[in-house]
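These are the residues of each chain, in order.
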Number of protein chains: 2
Amino acid sequence: MTRLARYLPILDWGRHYGRSNLANDLIAAIIVTIMLIPQSLAYAMLAGLPAEVGLYASILPLIAYAIFGTSRTLAVGPVAVISLMTAVAVGEIAAQGTHSNLIAAMLLALISGLMLVSMGLFRLGFVANFLSRPVISGFITASGLLIAAGQVRHLLGIPTGGDTLPKILVGLGENLSAGNLPTFFVAVGVLAFLYFVRLKLKALLLRLGVRPRLAEIAVKAGPVVAVATTILAASAFRLGEAGVVLVGEIPQGLPVPALPIIDLDMVRALAGPALLISLIGFVESVSVAQTLAAKRRQRIIPDQELIALGAANIASGLSSGYPVTGGFARSVVNFDAGAETPAAGIYTAIGIALATLFLTPLLTKLPQATLAATIIVAVLSLVDFSIIRRVWRYSKADFSAMAATMVGTLFLGVEIGVVMGVGLSLLLHLYRTSRPHIAVVGQVPGTEHFRNVDRHRVIISPEILSVRVDESLYFANTRYLEDHISELVAEWTQLKHVILMCSAVNAIDASALESLEEINHRLRDAGIFMHLSEVKGPVMDRLKRSPFLHNLTGRVFLSQYEAITVLTQKSSA
Amino acid sequence: MTRLARYLPILDWGRHYGRSNLANDLIAAIIVTIMLIPQSLAYAMLAGLPAEVGLYASILPLIAYAIFGTSRTLAVGPVAVISLMTAVAVGEIAAQGTHSNLIAAMLLALISGLMLVSMGLFRLGFVANFLSRPVISGFITASGLLIAAGQVRHLLGIPTGGDTLPKILVGLGENLSAGNLPTFFVAVGVLAFLYFVRLKLKALLLRLGVRPRLAEIAVKAGPVVAVATTILAASAFRLGEAGVVLVGEIPQGLPVPALPIIDLDMVRALAGPALLISLIGFVESVSVAQTLAAKRRQRIIPDQELIALGAANIASGLSSGYPVTGGFARSVVNFDAGAETPAAGIYTAIGIALATLFLTPLLTKLPQATLAATIIVAVLSLVDFSIIRRVWRYSKADFSAMAATMVGTLFLGVEIGVVMGVGLSLLLHLYRTSRPHIAVVGQVPGTEHFRNVDRHRVIISPEILSVRVDESLYFANTRYLEDHISELVAEWTQLKHVILMCSAVNAIDASALESLEEINHRLRDAGIFMHLSEVKGPVMDRLKRSPFLHNLTGRVFLSQYEAITVLTQKSSA
C-alpha cells in the first residue's frame, strides 16, 4: 500500500479528504478556471495551433497530474515558453494550420510524456541538472522577448511570422503597410487596460477596503474582463468586417481520447525538441512546486514529479492537446485562492470541460489581438534584465553561458539557444576544473594548521614540499597536476619529500591514479619520497584496491601535522 | 631572442651543437632510418595509400619537428593508429587507389596541422585532457586488434577489406577460397622470423657477448632483414607470377612541395576526423616525449609540442604525405641509439630522402604480405588486456568508459569509438559530481576536529546541524544539496542553526549561489539560522561580490570549531 501510494499520491491525500477541503478546493478551482480560459486560447495561438487545442490541453492533463503529482497546489496546463518551443518544433514538420501540424503537436506531447515517465522510473531526474540556472534564466528572458516580439504582428493585424528576432523584425518592417487600424486600436486598448489592472488596480481596491487576497485575484481576472469586453465590442461594432482577425468557429464538444498517428520519421524529428521541452518544463514546474510547498512545509518528490508531468503530457497527447507543464502564474493563483489538495485541479478540469462544451460559441467573436495583448503582458513579466547584471558581477563564466543562451535563442532559435548554453556551461565547468587551484602550504606557527604560503606567514622547510590540491583529481586535471609538480620539483633543489595534502580531494579516478603512479615513479628516479596526507575515507578505500599504495615510496599520513612532524624528525635525525 | 627561442627551440640547442653531438646523432639517425623504411611503407599500406606516401611523410615532417619540437629524442612520422584513422577518414571521401583519396589524405594532414598549431598558439592543449586514460588505453588496444585483423587478408592474399571487426571477419570468411597459398607461406615465414627476433634474438645475442644496447637495436632491425630476404625470394622464385601481391613500381624522386587542392566540402567532411587525429596523435606523442625526457631530466612544453606536431603535419600535407605524429617504438630506438638533439631527426630525414631517390627500384618486388606481417607484430605489442582488469578493479565508471570505447571502436568504427568513450567519461563525471558526498559532522571529543557522525563517535547538539559537502557546488549538484538539506531539516525537529562546512568546496557558481540563497530563505521562514564555516579565500572573495552574505541570516565563521563554540554559548545563554 505505501509502495503504491508512493507512485499514486492521490491514495494518500484522498483518504483524508473532507468537507472543508472540498469547499476550499472548489473556490480555488472556479477562480483558476476563469483565469485559464483566456490563457489556454492565447497559448494555443502562440503555439500556432487551433484555439480549442489549448482548452483540450487543460482538461485531462490536470486530472492526470492530480492523480500522480506530489504538489498540493501546482496547476498544470499550457504555458508560454513551452508553447513557443512547440510552435518551433512542429513548425519544422508541417506548416501551421495543416492537419500534420496538429498531429505533430499531439505526438510531441506524447513523446515528451513518455520521456518524462521513463526519466522518473529510472531516476534520471539528474539530467535536468545540466540546465544551469544562468542558462534557464537567460532562456526564459530571451524567450519572453521573442514571444512578445512575435505577438506584435497580431497587435497590428499583420499576417507574417518568424521564429528568430531578425526574421520577426524584418517581417514586421516589410509588412507594416498591411497593418489594420481597428486591430491596432483594440490592441492598444487591451494593453492599456491590462497594464492598469496589473500596476494600479490592487492599490485601488485595497484603498477601497477590499481584502488583499481578493484584490490579488481580481488582478489575475483582468484578462477575462478584457476578453469579455472585446467580444462585446467586436459584436457591437462588427470589427470582423473591419478587418480585425477574430478567433472564429471553435468546435463544440470534448476531445475524444485517441492515439495520434505514429509516423516514425516524425517521431525521430520530434525526439530532440521533446527532450528539451521535457527538461525545461520539468525544471520550471518543480521549482514552482518547491517554492509553494516550502511555504506550507510540504515536500515535493522530484522523481515522482517526472512521472506526474509525464502522465499529464501523455494525457494531453491522447486527447488532442499539446505539451503542458506546471505554470507559475496559475499555480500562485491556485495557492492564493486557497486550494488545499490536487482535487482543485480535477475541479478546474471539469470547469474547463464545461466551458469547452458551452462557452465556445461566445468566443467566436474574440479578436486575436486581445489574446496577443494578454500574452505580451504575461511574458514581459518573465523578462528579468537585473539577473544579467547580477550574474556578470558574480562570475564571468556563468555570464558567458547566459549570454550564449540569450543570443542563441534570440538570433538562431530556441533549441539552438538552449543547446549552446548547456554546451558552454559544461565546457567552462570542465575548463575550470582542468586547472585546479594548487597551493604550496606551510605550518601556521604554534598551530596544527597549514595554509597557503602566498597568503599567510607560515613555516616551510626546503627539504619538504607540501602541496594541497583544491579539486578532485580526474582525467581533465590530472596532466595539469603532473606538469605543476614537475615544475615545483625543478625549483626546489634541496627537496627530499613531497607531501600531497588531499583534504579537498573528493575522488581520484583511473586517469588520476595513473598520473599519481607516474609522479611517484618520476620522483623516485630523482631520489625524492612521495607521501599523502588527509586522504578521505572513500578515496582511501578505492586506492586500497590498486597497487599504488604498495608502490608508493613514502607513507600515507592521517593528518598533515603528523606528516610534517614525522618527516622533520627523520630529516634532522 | 628568448621569446623567439620559446617558439623555435632549435635556436636554443643549435647554438651549443658540437662535434660529439654530431657523431651520436648521426649513428642514431642511421639506425632509425633503417627501421623507418619498412615501417613507412607498411603504414602507408595500412592507410590505404601508395607506398611512396609513407616515405614522403618521413622526410619534411621530421625536419619541421626538429625546428619546433621541445623533445630531444622524439621521432615523428607515420604511426599505426593514426594510419588506421586516416584510412577510415579518407575512405569515406573516395575509394582507395583513386587520386581523390590521395588528395584527401594530404588535406587531412594539412587540416590536422593547422588545428594543432592553432591549439598551441591559443593554449588550448587542455582540450586533449578530455581523452581520459581509460579511453586512450581502450582505444589503442581496440585499434591494435582491428589493425591486426585487417592485415590478415594480406597474409592470405584475399582482396577484400572492412573497417569494423564484423565486416573484416565476414569479408575473410566469404573470400577464403580466393586465398593464395604462396602468399600465405611468405607471410607465415615472415611472422615466424619476426617473432623469433622479438622473443629470442636478444637473449641469444647477449649470450654471444653482444652489448645490450646493440642487441636491442638488432631486434628492431628485424623487419629490415625480413624485407630484404623476401625481396630476394620474390625475385628468385618469381613470386609475383605465382599470385603473390607485390608493392610494385614506386615513383623515384622526392615529393615537390605543393598546396593540395582545397575542396570546401572535403574540408568540412575531414574536420571531425582531423580533430580526433590531432588530439590522439598529440596525447600519444607527448606521453612518449615526457617519458623519455624524464629519464634525462629534460622538460617538454606541451603547448610548444602542439605547434611542433602541427608544423610536422602541415609539412606532410604540403609534400604529398599524410598525418604523422611522434611514435613510441622509433623514439625509443632513437633514444637507445644515443640521439642527443633533434638534429638526429634532420639526418634521418636526409636518410629517408636518399632511400626515396635510390632504393625504391629495389622495393618493387617486396611482397605486401611481408609488410602486413611487420604491421601485425608491431600493433599486437600495443594490445594490453591487463589494463582492462586493473581498471575494472579500481573503478566501474572508468571501466565502462573504456569498454564503450573498445566495443565502439571494434564494432562501429574508430571515430565512433573515441566519441562514445569521451561522451561517456564526461557523463559519468557529471553524474558523480551531481550527487556529492554530504556528511553530517560532529566534534571529536577533546579536539578541534569534526568528523562524519556515521564513521566516528562525535558530539552533536540537537539544535545545531553541521553539514560538510565534499564537492565544489555547481549547477549539476546544487539541486541535490537543496533536497538533501530540506530532508535533514525535516528530521531535526529541534533545529535552530545550520552550519554549512565548506572545507572541501573549491568553487560556488551562479547556480549554486542561487540555491544557497534559496536555502537561506527557506530556513529563515522556518526560524532557522544559516551559517557558513571554513570558506576558502577565493570562494569568499567571490561571495563578497553578491548580496548573499548580506542576506545570510547567520554568520561566516573562520573555522568549524569557532562556529560550534559561539553557537553553543548562544544557545545555552
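Residues numbered from 1 in each chain as written. Chains lettered and ligands numbered in written order. Predicted model: local features only at pLDDT ≥ 70, side-chain atom pairs only at ≥ 80, totals over all residues. Heavy atoms only, no water.

*Asks:* Outline the overall build of chain A, listing residues and values.
*Replies:* Within chain A, the secondary structure is distributed over 26 helices and 8 strands. With the C-alpha coordinates aligned to their principal axes, the bounding extent of chain A is approximately 105 × 60 × 60 Å. Here the contacts in chain A between residues at least 6 apart in sequence split such that 80% fall between residues at least 24 apart. Here chain A has roughly 23900 Å² of accessible surface; of this, 64% comes from carbon and sulfur atoms. Computed over 44 positive and 36 negative side-chain charges, the inter-centroid distance for chain A is 9 Å. (Helix = DSSP H or I, 4+ residues; strand = E, 2+ residues; numbered from the N terminus. Contact = heavy atoms within 4.5 Å. Areas by Shrake-Rupley, 256 points an atom, 1.4 Å probe, with all protein chains shown as cover. Lys, Arg positive; Asp, Glu negative; His and termini not counted. Charge placed at Lys NZ, Arg CZ, Asp CG, Glu CD.)

*Asks:* Go over the relation of the copies chain B and chain A with me, naming the residues and quoting the values.
*Replies:* When chain B is fitted onto chain A, the two copies agree to an RMSD of 0.2 Å after a turn of 180 degrees and an axial shift of 0.1 Å. The superposition of one copy onto the other is thereby described by a two-fold rotation axis. The rotation axis passes nearest to the C-alpha of Ala504(B) in chain B, at a distance of 2.4 Å. A share of 100% of the interface residues of chain B reappears at the interface of chain A, consistent with the copies meeting face to face through the same patch. (Least-squares fit on C-alpha atoms with pLDDT ≥ 70 in both.)

*Asks:* If you had to explain the interface of chain B and chain A to someone new, which residues and values would you point to?
*Replies:* At the junction of the two partners, chain B supplies 64 residues and chain A supplies 65 residues. Buried surface at the junction of chain B and chain A, both sides included, amounts to about 5900 Å², of which 51% is carbon and sulfur. For chain B, the biggest contributors to the area lost against chain A are Arg133(B), Tyr394(B) and Arg479(B); these three give 16% of the whole. Between chain B and chain A we count 8 salt bridges in total. As a salt-bridge pair, Arg133(A) and Glu482(B) come within 2.6 Å of each other at their nearest N and O atoms. Between chain B and chain A we count 22 residue pairs in polar contact (both at pLDDT 80 or more) in total. When residues of the side of chain B that touches chain A are traced back to their parent elements, those giving at least two are α8 (133-156), α13 (264-295), α19 (386-394), α21 (414-434), α22 (478-491), α23 (510-525) and α24 (537-543) of chain B. (Buried area = accessible area lost by both parts, 1.4 Å probe. Salt bridge = Lys/Arg side-chain N within 4 Å of Asp/Glu carboxyl O. Polar contact = N/O pair within 3.5 Å; in protein donor to acceptor, adjacent residues only side chain to side chain.)

*Asks:* Which residues make up the UniProt feature "domain: STAS" (unreviewed entry) in chain A, and what are the values?
*Replies:* On the UniProt side, "domain: STAS" (unreviewed entry) is annotated at positions that read residues 454-567 of chain A here. Taken end to end, residues 454-567 of chain A comprises 43% helix and 16% strand; its first and last C-alpha atoms sit 23 Å apart. (UniProt positions renumbered as here; feature names shortened; annotations may be inferred.)

*Asks:* Lay out the pairing of strand β7 (residues 529-533) of chain A in plain terms, naming residues and giving numbers.
*Replies:* Residue and element names in this part refer to chain A. Burial analysis of β7 places 4 of its 5 residues in the buried class, which makes it a mostly covered element. The parallel pair strand β6 (residues 497-501) and β7, bridged by helix α23 (residues 510-525), forms a crossover whose chirality is right-handed. Relative to strand β8 (residues 556-557), β7 is paired through 2 bridges, and the arrangement is parallel. Each bridged residue has a counterpart across the sheet, and for Ser-533 the counterpart in β8 is Phe-557. (Buried < 20%, exposed > 50% of the residue type's maximum accessible area, 1.4 Å probe, protein only. Right-handed = clockwise from strand over helix to strand, strands pointing away. Pairing = 2+ DSSP bridges.)

*Asks:* Please set out the sheet that holds β7(A) residue by residue, giving values where relevant.
*Replies:* All names here are of chain A. Strand order in the open sheet formed by 6 strands is β4-β3-β5-β6-β7-β8, and the pairing between neighbours is mixed. Each edge of the sheet is formed by a strand with only one pairing partner; in this case those strands are β4 (450-452) and β8. Pairing of strand β3 (residues 438-443) with strand β5 (residues 464-469), which is carried by 3 bridges, proceeds in the antiparallel orientation. The residue bridging Ile-438 from the neighbouring strand is Val-469, located in β5. Across the sheet, helix α22 (residues 478-491) lies against β3, β5 and β6, angled at about 45 degrees from β3, the strand it touches most. Lying on the sheet, α23 is in contact with β6 and β7; it crosses β7 at an angle near 140 degrees. (Axes fitted to C-alpha atoms, helices over the stretch in contact; angles between N-to-C directions.)

*Asks:* Account for the environment of Ser331(A), naming residues and giving values.
*Replies:* Residues and elements named next belong to chain A. Within the secondary structure, Ser-331 is located in helix α15 (residues 328-336). In this structure, the C-alpha to C-alpha distance between Ser-331 and Pro-367, residues 36 residues apart in sequence, is 27 Å. If sequence neighbours within four positions are ignored, Ser-331 has contacts with Thr-73, Leu-74, Ala-75, Val-288 and Leu-292.

*Asks:* Please set out the domain arrangement of chain A residue by residue, giving values where relevant.
*Replies:* Domain annotation for chain A reports domain 1 (2-131 + 181-379) and domain 2 (438-572). Between domain 1 of chain A and domain 2 of chain A, the C-alpha centre-to-centre distance is 57 Å. (Domains from an automatic or database assignment.)

*Asks:* Tell me what's going on with the packing of helix α5 (residues 60-68) of chain A against helix α16 (residues 343-358) of chain A, and back it up with residues and numbers.
*Replies:* Residue and element names in this part refer to chain A. For the pair α5 and α16, interaxial distance at closest approach is 8 Å and the crossing angle is 165 degrees. Classed by the angle they form, the pair α5 and α16 counts as roughly antiparallel. α5 and α16 meet at a crossing whose hand is left-handed. In contact with Leu-62, Ile-63 and Ala-66 of α5, α16 contributes Gly-345, Ile-346, Thr-348 and Ala-349. Taken together, the residues of the contact of α5 with α16 break down into 5 nonpolar, 2 polar and no charged. (Parallel < 35°, antiparallel > 145°, perpendicular 65-115°, else oblique. Left-handed = near helix turned anticlockwise from the far one by under 90°. Nonpolar A, V, L, I, M, F, W, Y, C, P; charged D, E, K, R; others polar.)

*Asks:* Describe helix α12 (residues 222-236) of chain B, with residues and values.
*Replies:* All names here are of chain B. Here α12 contains 15 residues, and its C-alpha end-to-end distance of 21 Å stays within 8% of the 21 Å for a straight helix at 1.5 Å per residue. For α12, every residue scored as buried is listed here: Gly-222, Ala-226, Val-227, Thr-230, Ile-231 and Ala-234. Projected down its long axis, α12 shows its buried positions confined to an angular sector of 165 degrees, all on one face. In α12, the exposed residues that point more than 90 degrees away from the buried face are Leu-232 and Ala-236. Contact partners of the buried residues in α12: α3 (19-46), α10 (181-207), α11 (212-220), α17 (360-363) and α18 (368-380). (Expected span 1.5 Å × (residues − 1). Arc of directions from axis to C-beta.)

*Asks:* Quick rundown of the sheet that holds strand β7 (residues 529-533) of chain B? Include the residues and the values.
*Replies:* Residues and elements named next belong to chain B. Strand order across the open sheet formed by 6 strands is β4-β3-β5-β6-β7-β8, with mixed pairing between neighbours. Taken across any chain shown, the strands that pair with only one partner, and hence form the sheet edges, are β4 (450-452) and β8 (556-557). Sitting on the sheet, α22 is in contact with β3 (438-443), β5 (464-469) and β6 (497-501), with an inclination near 45 degrees to β3. Packed onto the sheet, α23 meets β6 and β7 and runs at close to 140 degrees relative to β7.

*Asks:* Now, about a positive patch on the surface: what can you tell me, with residues and values included?
*Replies:* A surface patch of positive charge is lined by Arg389(A), Arg390(A), Arg393(A), Lys396(A), Arg542(B) and Arg545(B). Per-element tally for the positive patch: the top contributor is helix α19 (residues 386-394) of chain A, with 3 residues. As for its placement among the helices and strands, Arg390(A) is situated in helix α19. Residue Arg390(A) is classed as partly exposed on the basis of its relative accessible area, which comes to 40%. (Patch = residues over 30% accessible without salt bridge, like charges linked within 9 Å, V, L, I, M, F, W, Y side chains within 5 Å.)

*Asks:* Before we move on, could you go through the pattern of salt bridges and cite the residues and values that matter?
*Replies:* Per the counting criterion, the structure on display carries 30 salt bridges over all chains. Across the salt bridge formed by Asp470(B) and Lys536(A), the nearest N and O atoms sit 3.4 Å from each other. Of this pair, Asp470(B) sits in the loop between β5 and α22 while Lys536(A) sits in the loop between β7 and α24 (537-543), placing the two residues on different chains. One salt bridge in this structure joins Asp470(B) and Arg468(B), with 2.8 Å as the shortest N-O distance. Judged by its relative accessible area of 4%, Asp470(B) is buried. The class of Arg468(B) is buried, set by a relative accessible area of 13%.

*Asks:* An account of the packing of aromatic side chains is requested, with residue identities and associated values reported.
*Replies:* Enumeration over the complete set of coordinates arrives at 8 aromatic pairs over all chains. Taking the ring centre of Tyr394(B) as reference, the NZ or CZ of Arg542(A) above it sits at 5.8 Å. (Phe/Tyr/Trp six-rings, centres within 6.5 Å; stacked < 30°, edge-to-face > 60°. Lys NZ or Arg CZ within 6 Å of the ring centre and 35° of its normal.)

*Asks:* Any details on the environment of Pro547(A)? Residues and values, ideally.
*Replies:* Following the sequence through the fold, Pro547(A) ends up in the loop between α24 and α25 (548-551). Along the sequence, Pro547(A) and Glu517(A) sit 30 residues apart, while their C-alpha atoms lie 9.2 Å from each other.

*Asks:* Please provide a residue-by-residue account of the side chain of Thr348(A), values included.
*Replies:* Residue and element names in this part refer to chain A. With respect to the helices and strands, the residue Thr-348 is situated in helix α16. Thr-348 gets classed as buried once you look at its relative accessible area, which sits at 3%. Setting aside anything within four residues of it in sequence, one finds Thr-348 in contact with Ala-29, Val-32, Thr-33, Leu-36 and Leu-62.

*Asks:* Got a sec to walk through unusual backbone geometry? Specific residues and values, please.
*Replies:* It is generally the case that most residues other than glycine have a negative phi and that most peptide bonds are trans. Residue and element names in this part refer to chain B. In this model, Arg-238 sits at a positive phi of 45 degrees, which is unusual for a non-glycine residue. Residue position: Arg-238 is located in the loop between α12 and α13. Backbone geometry at Glu-534 places phi at a positive 55 degrees, although glycine is not the residue there. One can find Glu-534 in the loop between β7 and α24.

*Asks:* Requested: an account of a nonpolar patch on the surface, with residues and values cited.
*Replies:* Residues and elements named next belong to chain A. Among the surface-exposed residues, Val-407, Phe-411, Leu-412, Ile-416 and Met-420 lie close enough to one another that they form a single nonpolar patch of about 440 Å² accessible area. Going through the elements one at a time, α20 (396-411) and α21 (414-434) are the ones with two or more residues in the nonpolar patch. Along the chain, Phe-411 falls in helix α20.

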